[in-house]
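Structural overview
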Amino acid sequence: MSQTISELSKNSQLVNELISETEKYLKIVTFRFSSEDFAKMLTKKAKEGVNIEVITTPADNIKEEKLRVKVEEMYSRLQANGVKLLTCPWEVGEPRLTTTSMSGRLAGGIGEKWYSLHFQLLMNEKHFLLTSQNLVPEKKLEIYYQSSDTYFLKQTSNKFKTIHHLSFTPVE
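The paragraphs below set out a description of the structure included in this document. (Residues numbered from 1 in each chain as written. Predicted model: local features only at pLDDT ≥ 70, side-chain atom pairs only at ≥ 80, totals over all residues. Heavy atoms only, no water.)

So, on to the pattern of salt bridges. Pairing between side chains of opposite charge can happen when the charged atoms of each approach one another. The tally for this structure, following the rule as stated, stands at five salt bridges. K27 is the partner of E53 in a salt bridge, and the nearest nitrogen-oxygen pair spans 3.0 Å. One end of the pair, E53, is in strand β3 (residues 51-56); the other, K27, is in strand β2 (residues 25-29), and 26 residues separate them in sequence. With respect to burial, E53 and K27 carry one shared label: buried. Residue K45 pairs with E48 through a salt bridge whose shortest N-O separation is 3.3 Å. Residue K45 is classed as buried on the basis of its relative accessible area, which comes to 9%. For E48, a relative accessible area of 47% corresponds to the partly exposed category. The network of salt bridges with common partners includes K44, K45 and E48. (Salt bridge = Lys/Arg side-chain N within 4 Å of Asp/Glu carboxyl O. Helix = DSSP H or I, 4+ residues; strand = E, 2+ residues; numbered from the N terminus. Buried < 20%, exposed > 50% of the residue type's maximum accessible area, 1.4 Å probe, protein only.)

If you want it as structure tokens, here you go:
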């Protein structure tokens, strides 16, 4: 019997549980990924033989130089430990055309790039989790929708494949 959960929370319990219970594979799409805690969890799972694929934005979308360098190092460590980490190359938008630039500056450059990837999806062999939570250390009120329904698992897997294809397959 499938179970579906919907909740608002300021903690990462559902994300932590989904990662911890993964035995075979874990697929993640996330806009922001700067949490060392999540990176350690993924590294541990990869060393246990779990096939992990992560699609996220490049570190160059981070304004703060110290954090950007840490994230670049974290991405390298994840890859060195067997996590398949792909960064979405689709830069879109122009920060000078809106007041919502991440850095607050009006010129293009580090921390001001916008990427077409902006949602969070995690799935393993048992569950999928759609959430507003980025893989970041900050705790904010987030929404979570988790299900083990086989139809939704199949659809989620297809969505991941579509995102991967659209983001990384060269145009002929």
